[in-house]
Amino acid sequence: MDDRLRRGEQISPLLLKAIEESRFSIIIVSDNYAFSGWCLDELAKIIECVKVMGHKALSVFYNMDPSHVRHQTGSLAEAFAKHEQIYREKMEKLVKWREALTQLATISGWDSRNRHESKLIEEIVGHILNKLVGISSSYMEDLVGMEPHIEAMDSLLCLGSFDVRMIGLWGMASIGKTTIAKVVYERIYTQFEGLLLALKVLGSSLYAKNKNEWKSELEKLKQFPDKVQNVLKISFEGLDDSEQNIFLDIACFYKGHDKDFVGEILDSCGFFFSIGIRNLEDKSLITISDNKLCMHDLLQEMGWEIVRQKSEVPGKRSRLRAHEDINHVLTTNTRTEAVERIFLDLSMSKELNFSIDAFAKMKRLRLLKICDLQIDRSLEYLSEKELITYPHDVWTGRKYLYNKVHLHGDPKFLSNSLSDLYWHGYPLKSLPSNFHPKKLVELNMGFSRLKQLWEGKKQFDKLKSFILCHSQNLTKTPDFSGAPNLKKLILKGCTSLVEVHPSIGALKKLIVLDLEDCKKLKSFSSSIHMESLQIFILTGCSKLKKFLEVQGNMEHLPKLSLQGSAIQGLPSSIENLSGLALFILKDYKRLESLPRSIFKLKSLKTLILSNCIGFKKLPKIQENLKNLMELFLDGSGIIELSSSIRCLNGLILLNMMNCKKLVSLPQSICELESLQTLTLRGC
């Protein structure tokens, strides 16, 4: 472990970043492992990276029974009993840890019991090397008499010469020709990686062409001294206009981003993304891994150079990303209609002063992105769901953005050609009144000083992502009825927000809705019919008094948190949240009862009613509920449990710690055969 990654009570951002950027994690689980909250936070992050980023995890069960992890028994049960006391104000953390341990149990690994440690370590190292280089150490050790063959191959290859060599291995079957080739390749391939790329790209461009076309292409290459770069450039020049635009946009702005979301943005620009990205992949100019757009560094650098060579004058280039070029264009009168995309990384810049009128001539501007990559980089590769559930609030580091960008003048013009408006820390109170970009796919203006966006209804058929989190001057949202395809709406930390337009309730394609810590929010839609919703956060909405009627089946929402809200009751239509697995009602001071329909939620696994001091009694349970595994009533005002508690026959954990008003328990509690943990301390 890096010496800088010191252990503390909370996992550090430095370690989070190290996990994200690594390829493998080895999780060593001992009897004391689950007693460390630090270790469990680390495990949760590793599991997150396994799910989202293709990270590889291996497990080692050190002198312990792996079944204890699978069933969370033994020392793990003891550890969680202690955690329940320490984290009784943060029960959702325990739920996350339990889920991570459940996932860990599914990861293949090693049991150290009755095994020599040195042999075990050797096996683990060999396994990882096998994954990294394709040939395991044990395989190499078993090769006998290989050295003379390697020496002979070295002499034939003449690696120091500039000639092209072709070596053939000839002999009868099964004498080791393939093995020799593999060993030689593993020894020398790193010397020829930047050339392998050129050969791969050239081969892809020549695929399915005839002999004369091959000869013509190779003759063209002979005219240029830098063969690698020109192989790449020739392949680029063989693309049509749309494909070239897609390639350059990925090279300049979207490398590492989600393919589908980038596709929506570039489709709105008229670039025919689906067929274009397929052709780029066929020509080996890009690759796609875990649905992320990947590009070799040499290809990316070529893309930057192609853009730069278009003009010596930055204001006449289509794409701007160098701070010096952007500063020059915005602060001098050199901007032209040629500028279509601007990406300003504030982490690389000092203070920037310019007039909002600097954008007046940029009528073809399609992308405007102003943010701090030192903060954003760790989030670029996360899915929508993981972005919301990120373990710490990275937004809090952005207050200084106000001090870096200084705009003057009234907002009169922004290009209506914009497909992507991504400006963190936008320093003005409003957008231009005539701003109506019908092709807009993403509006991301976190930490802005905006008070409102637009009046009345505006049609944004292509808008998919709307993010204004921590815009602390925002008092109300616009009418969303003109944005029927919206998928993500994040207003977290908008502490002055009083009203969310009721049109939000009809956004049937919405996947993410985050209103956390909108402390003044009072008005919301009276009902929701969001059949696609997967993430819905109302935590900290301390002025919101009424929950919504749920119309229609909402089967995709697995988690709902109403922690700290002022909602006075839940409607019986709550049963329509049929996919709900985790329901957090913690610190819900005014809650007195639950509707009977709560126990019709067949997917519900965890119900948290911690510190609901007004809550007195669970509703009668009328049918068996096998899926509910955890019930937290600690610190609540509950007086008694109904005998129908027997119907919770899948219950593993029942926490009633510090239930001061609890009088008795029903005899039927003894019928809970799956119950492993019953906490009554402080009752």
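The structure displayed is predicted, hence computed values, not measured ones. (Residues numbered from 1 in each chain as written. Predicted model: local features only at pLDDT ≥ 70, side-chain atom pairs only at ≥ 80, totals over all residues. Heavy atoms only, no water.)

**Let's talk about the overall build of the chain**
Formally: We count a stretch as a helix when DSSP gives it H or I for four or more residues in a row; a strand needs E for two or more, and each element gets its number in order from the N terminus. Any residue under 20% of the maximum accessible area for its type is buried, any over 50% is exposed, and the rest in between are partly exposed; the area is computed with a 1.4 Å probe on protein chains only. Method for areas: the Shrake-Rupley scheme with a 1.4 Å probe, in which residue coverage is limited to the protein chains shown.
What the chain contains, in helices and strands, is 19 helices and 24 strands. Within the chain, the fraction of its 683 residues that count as buried is 50%. For the chain, the exposed area adds up to about 33000 Å²; of that, 50% sits on carbon and sulfur atoms.

**Examining the state of the cysteines**
Here is the rule: Here, the term disulfide refers to a pair of cysteine sulfur atoms separated by no more than 2.5 Å.
Throughout the structure, instances matching the rule amount to zero disulfides. Its sulfur unpaired, Cys 683 is 5.0 Å from the next cysteine sulfur, which belongs to Cys 659.

**So, helix H17 (residues 323-331)**
Operational definition: This arc describes the spread of directions from the helix axis toward the C-beta atoms.
Turning to H17, its buried residues number three or more, namely His 323, Asp 325, Ile 326, Val 329 and Leu 330. Buried residues in H17, looked at end-on, bunch into an arc of 160°, giving them a common side.

**Some words on the pairing of strand E9 (residues 367-371)**
Walk down a regular strand and you will see the side chains alternate between the two sheet faces. Using the following cut-off: Only strands that DSSP links by at least two bridges are regarded as paired with each other.
Judged by how many residues are buried, E9 sits mostly within the fold: five of five residues are covered. Going residue by residue along E9, you find Leu 367, Lys 369 and Cys 371 tucked away on one face and Leu 368 and Ile 370 tucked away on the opposite face as well. Bridge count for strand E7 (residues 341-345) against E9 is five bridges, and the pairing is parallel. The residue of E9 that forms the bridge with Asp 345 is Cys 371. Sheet topology note: the E9/strand E11 (residues 420-423) ladder contains four bridges and is parallel.

**Here's the deal with the pattern of salt bridges**
To keep it simple, the criterion reads: We count a salt bridge whenever a side-chain nitrogen from Lys or Arg sits within 4 Å of a carboxyl oxygen from Asp or Glu.
Scanning all chains against the criterion turns up 21 salt bridges. Its salt-bridge partner being Glu 630, residue Arg 98 comes within 2.7 Å of it at the nearest N-O pair. Of this pair, Arg 98 sits in helix H5 (residues 91-104) while Glu 630 sits in strand E22 (residues 630-632); the two residues are 532 residues apart in sequence, bridging distant segments of the chain. Look at Arg 98 and you get buried, because its relative accessible area is 15%. For Glu 630, a relative accessible area of 9% corresponds to the buried category. In the salt-bridge network here, residues are joined through shared partners; they are Asp 249, Arg 319, Glu 340, Arg 341, Arg 364 and Arg 366.

**Remarks on the confidence of the model for the chain**
Segments scoring low in pLDDT should not have their predicted coordinates read at a detailed level. As a reminder, the rule being used: Values of pLDDT, ranging from 0 to 100, describe the predictor's confidence in every residue of the model. Pairs of residues are marked as contacts when any of their non-hydrogen atoms sit within 4.5 Å.
Averaged over the chain, the pLDDT score is 83; the fraction of residues at 70 or greater is 86%. Low pLDDT, under 50, characterises residues 134-139; the predicted model gives this stretch eleven contacts beyond four residues in sequence or across chains. For residues 377-383, every residue scores under 50 in pLDDT, and the model assigns this stretch 21 contacts once sequence neighbours within four places are set aside.

**Here's the deal with the side chain of Ser 268**
Applied cut-off: For this analysis, a polar contact is any N or O atom pair within 3.5 Å, provided that within protein one partner can donate a hydrogen and the other can accept it, and provided that sequence-adjacent residues contribute only side-chain to side-chain pairs.
Its location among the elements puts Ser 268 in helix H14 (residues 259-268). A distance of 2.6 Å separates a polar side-chain atom of Ser 268 from the backbone oxygen of Ile 265. A distance of 2.7 Å separates polar atoms of two side chains, one belonging to Ser 268 and the other to Ser 419. Discounting residues that sit within four places of it in the chain, Ser 268 has contacts with Ser 419, Lys 439, Val 441 and Lys 462.

**Considering the environment of Phe 359**
Along the polypeptide, Phe 359 turns up in the loop between strand E8 (352-355) and E9. Taking the C-alpha atoms as reference points, Phe 359 and Val 339, separated by 20 residues in sequence, lie 9.8 Å from one another. When near neighbours in sequence (up to four residues on either side) are disregarded, Phe 359 contacts Leu 330, Ile 342, Phe 354, Leu 365, Leu 368, Phe 413, Leu 414 and Trp 423.

**Some thoughts on a nonpolar patch on the surface**
Quick reminder of the rule: The patch calculation keeps residues exceeding 30% relative accessible area without a salt bridge and links them within 9 Å when they carry like charges or within 5 Å when they are nonpolar (Val, Leu, Ile, Met, Phe, Trp, Tyr).
A surface patch of nonpolar side chains, about 260 Å² in accessible area, is lined by Ile 26, Ile 28 and Tyr 62. Among the secondary structure elements, Ile 28 is positioned in strand E1 (residues 24-29).

**A few points about the packing of aromatic side chains**
The cut-off we apply is this: Only the six-membered ring of Trp is used, alongside the rings of Phe and Tyr, when aromatic pairs are assigned; centres must lie within 6.5 Å, and planes under 30 degrees apart are stacked while those over 60 apart are edge-to-face, with the rest tilted. Working rule: Lys NZ or Arg CZ, within 6 Å of ring centre, within 35 degrees of ring normal, means a charge sits over the ring.
Scanning all chains against the criterion turns up nine aromatic pairs. Here Phe 253 and Tyr 254 contribute two aromatic rings whose centre-to-centre distance is 6.3 Å and whose plane-to-plane angle is 70°, an arrangement assigned as edge-to-face. Across the pair, exposure class does not vary: Phe 253 and Tyr 254 are buried alike. Measuring from ring centre to ring centre gives 6.4 Å for Trp 454 and Phe 466, while their planes differ by 85°; the resulting arrangement is edge-to-face. Here Trp 454 is found in the loop between strand E12 (442-444) and strand E13 (465-467), whereas its partner Phe 466 is found in strand E13, with twelve residues between them in sequence. The buried category is assigned to Trp 454, whose relative accessible area is 13%. For Phe 466, a relative accessible area of 0% puts it in the buried group. Pairwise contacts between aromatic rings join Phe 354, Phe 359, Trp 423 and Tyr 426 into one cluster. In this arrangement the basic side chain of Arg 98 is found over the ring face of Phe 80, its NZ or CZ atom lying 4.4 Å from the centre. Sitting over the ring of Tyr 422, Lys 369 keeps its end group 4.5 Å from the ring centre.

**Observations regarding the pairing of E11**
Of the two faces of E11, the one carrying Asp 420 and Tyr 422 and the one carrying Leu 421 and Trp 423 are both buried. Summarising the sheet, E11 and E12 pair through three bridges and their orientation is parallel. Opposite Tyr 422, over in E12, you have Asn 444 as the bridge partner.

**A word on a positive patch on the surface**
Cut-off, in case you're wondering: Only four residue types enter the tally: Lys and Arg on the positive side, Asp and Glu on the negative side; His and the chain ends are excluded. Charge coordinates come from a single atom per side chain, which is NZ of Lys, CZ of Arg, CG of Asp or CD of Glu.
Among the surface-exposed residues, Lys 520, Lys 522, Lys 543, Lys 545 and Arg 590 lie close enough to one another that they form a single positively charged patch. As for its position among the elements, Lys 543 is in the loop between strand E17 (535-537) and strand E18 (549-550). Residue classification places Lys 543 among the partly exposed positions, given a relative accessible area of 45%.

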